[in-house]
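# Structural overview for review
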Amino acid sequence: MNILSIETSCDETALSLFNADFTDDHNPQISVYKDLVISQINIHKEYGGVFPALAKREHAKNIPLLLEEILASYALKKDIPNQEIINQKLSELKTLVPKDEVLLGNLLPIILSFEKPNVDAIIVTQGPGLAPALWTGINTAKILSYVWGIPIIPVNHMEGHITSILLKPDYLNQEKALYPLEQFSFPYLSLLISGGHTQIILIKDWGEYEIIGETIDDAVGEAYDKAARSLGMEYPGGPKISQAALVATGNSEISLPRPMLHSGDFRFSFSGLKTAVRYMVEEKKNQGVLDTEMIQNIAKEFEDAVTEVLVSKTKKALEVFGAQGLIVGGGVSANLHIAEAFGKLGTHFDIPVYFPERLMCGDNSLMIGVAGLIQYWKHGDSIFEKDITKLEAQSNMRL
Ligand code: KG4
Ligand code: ZN
């Protein structure tokens, strides 16, 4: 079975093509043909964060480019149909994607200039994320599903961040790119740390998740981005803070709060910490001591505070739920300091701790494909969207 997967929930436009093999009942496998992503970071940088209408416009521009790259390798080129045929298809499809005529206009000439490729299903992110951004991916899936006559499997982006750890390091050059599912014995815990989420998830089995705790205000990545802004660093601030923290001397007498460290539950709060960074920066500036060394030391103290809270809450959850292993996922899982702390936690409990491959930490479509593959493996055809005209983006979708 060949699958095209699509991710557009935030500021990454991503498309993948892979083969899914279900010969081994217990361990579905994939071979990756294409894994493409265009990041919009440089465009959103100017605004200090992701601007939804701009993200939608960029997705509508980028998806046709990525699709054309895939079709050029995996579909036969045919003569571009005459304008009458294109117009006919356009009017049929307008009712399916009423608010996305720009996307439709960009995509259709490309789709119609290739024979239908050997693709059996489309997997697309349904939510959570920015609604206008999500709709672009969903409407692309609808258009392709209609023209090629193939089903759609909608998936949860956060499940993608969990399943991203299944991809082996050299997934692009491997016939069997996934770790065998058998090697995981449940229950597992997952800590999801991204720009929009901070959640501890109990994994009872593949595809069976329960949120046991989450942030009551800002997500970790959001706090990183906002703290970085106070420190005069560009968006996205996560990598910038961690680079600064790495070279910090630690010589400044500064301390930031560890919010909700002793709250006795699995909830997080990072909004106060972000504000504390802003006040500290103002104070040091007024005192005339905000030099590079001070900025690096504040970055390090911020990273230490975040790491301590994340590790402490996860440690308690591992004990309470008797978890057999831990999966850390989401954009912030690219952070080396956090990864090191969780590595030690794994050693403490003598359990495996999985992090995604570096390329899989941020948003990508392959992890969405793997999440959909697991849903299909568990539920079969019943997971296909019954009526594609009713498929909608769910910006607050929950696991
Ligand atoms: O998962 P992701 O790519 O997008 C969402 O679904 O939100 O996460 C993006 C977040 C951003 O806030 C970014 O600053 C953060 O991940 N991030 C990091 C690092 N790399 C990315 N945060 C801390 N350390 C990093 N190395
Ligand atoms: Zn994400």
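None of these values were measured; they are calculated from a predicted model.

## Quick notes on the nonpolar core
Leu189, Ile241, Phe270, Phe302, Val306, Leu310 and Phe342 are the most contacted members of the largest nonpolar core, which totals 47 residues. Residue assignment for this core shows that the elements contributing at least two residues are β6 (188–193), β7 (198–205), α7 (220–230), α8 (237–246), α9 (271–286), α10 (292–321), β9 (326–329) and α11 (336–349). The element that contributes the greatest number of residues to this core is α10, accounting for eleven residues. Sequence-distant contacts of phenylalanine 270, that is, excluding residues within four places in its chain, are made with Thr198, Thr215, Asp217, Asp218, Ala219, Val220, Ala223, Val306, Val309 and Leu310.

## A few points about the coordination of the zinc ion (ligand 2)
Coordination of the zinc ion (ligand 2) by the protein involves His157 (NE2), His161 (NE2) and Asp363 (OD), with metal-donor separations of 2.0 to 2.2 Å. Here the donor residues of the zinc ion (ligand 2) are spaced in sequence according to H-x3-H-x201-D. Of this pair, histidine 161 sits in helix α6 (residues 157–163) while aspartate 363 sits in the loop between α12 (358–361) and α13 (365–379), and the two are 202 residues apart along the sequence. Take histidine 161: its relative accessible area is 1%, and that puts it in the buried class.

## Some thoughts on the state of the cysteines
Applying the stated criterion across every chain yields a total of zero disulfides. Among the cysteines around cysteine 10, which has no disulfide bond, cysteine 361 carries the closest sulfur, lying 16 Å off. Judged by relative accessible area, which is 22%, cysteine 10 ranks as partly exposed. Classification of cysteine 361 as buried rests on a relative accessible area of 3%.

## As for the environment of isoleucine 150
Among the secondary structure elements, isoleucine 150 is positioned in the loop between α5 (131–148) and β5 (152–156). Taking relative accessible area as the criterion, isoleucine 150 reaches 7% and is therefore assigned buried. Considered as a pair, isoleucine 150 and aspartate 120 are 30 residues apart in the sequence and their alpha carbons are 5.9 Å apart. Not counting residues up to four positions away in its chain, the partners in contact with isoleucine 150 are Lys116, Val119, Asp120, Ala121, Ile122, Leu144 and Ser145.

## Topic: the site of ligand 1
With respect to spatial proximity, 19 residues lie near ligand 1, and among them Gly195, Asp225, Gly238, Gly331 and Asn335 are the closest. Between glycine 331 and ligand 1, the recorded distance is 2.9 Å, taken from a backbone N or O atom to an oxygen atom. Take aspartate 363: an N or O atom from its side chain is 3.2 Å from an oxygen atom of ligand 1. Starting from 550 Å² of accessible surface for ligand 1 in isolation, the protein chains cover 87%. The set of elements that each furnish at least two residues to the shell around ligand 1 consists of α6, α7 and α8. Among the residues forming the shell around ligand 1, the class breakdown is five nonpolar, twelve polar and two charged.

Calculation rules
- Residues numbered from 1 in each chain as written.
- Chains lettered and ligands numbered in written order.
- Predicted model: local features only at pLDDT ≥ 70, side-chain atom pairs only at ≥ 80, totals over all residues.
- Heavy atoms only, no water.
- Core = buried A, V, L, I, M, F, W, Y, C linked by side-chain atoms within 4.5 Å.
- Buried < 20%, exposed > 50% of the residue type's maximum accessible area, 1.4 Å probe, protein only.
- Helix = DSSP H or I, 4+ residues; strand = E, 2+ residues; numbered from the N terminus.
- Contact = heavy atoms within 4.5 Å.
- Donors = N, O, S within 2.8 Å, 3.2 Å for Na, K, Ca; no water.
- Disulfide = S-S within 2.5 Å.
- Near = heavy atom within 4 Å.
- Polar contact = N/O pair within 3.5 Å; in protein donor to acceptor, adjacent residues only side chain to side chain.
- Areas by Shrake-Rupley, 256 points an atom, 1.4 Å probe, with all protein chains shown as cover.
- Nonpolar A, V, L, I, M, F, W, Y, C, P; charged D, E, K, R; others polar.

So yeah, pure geometry; function would need other evidence.
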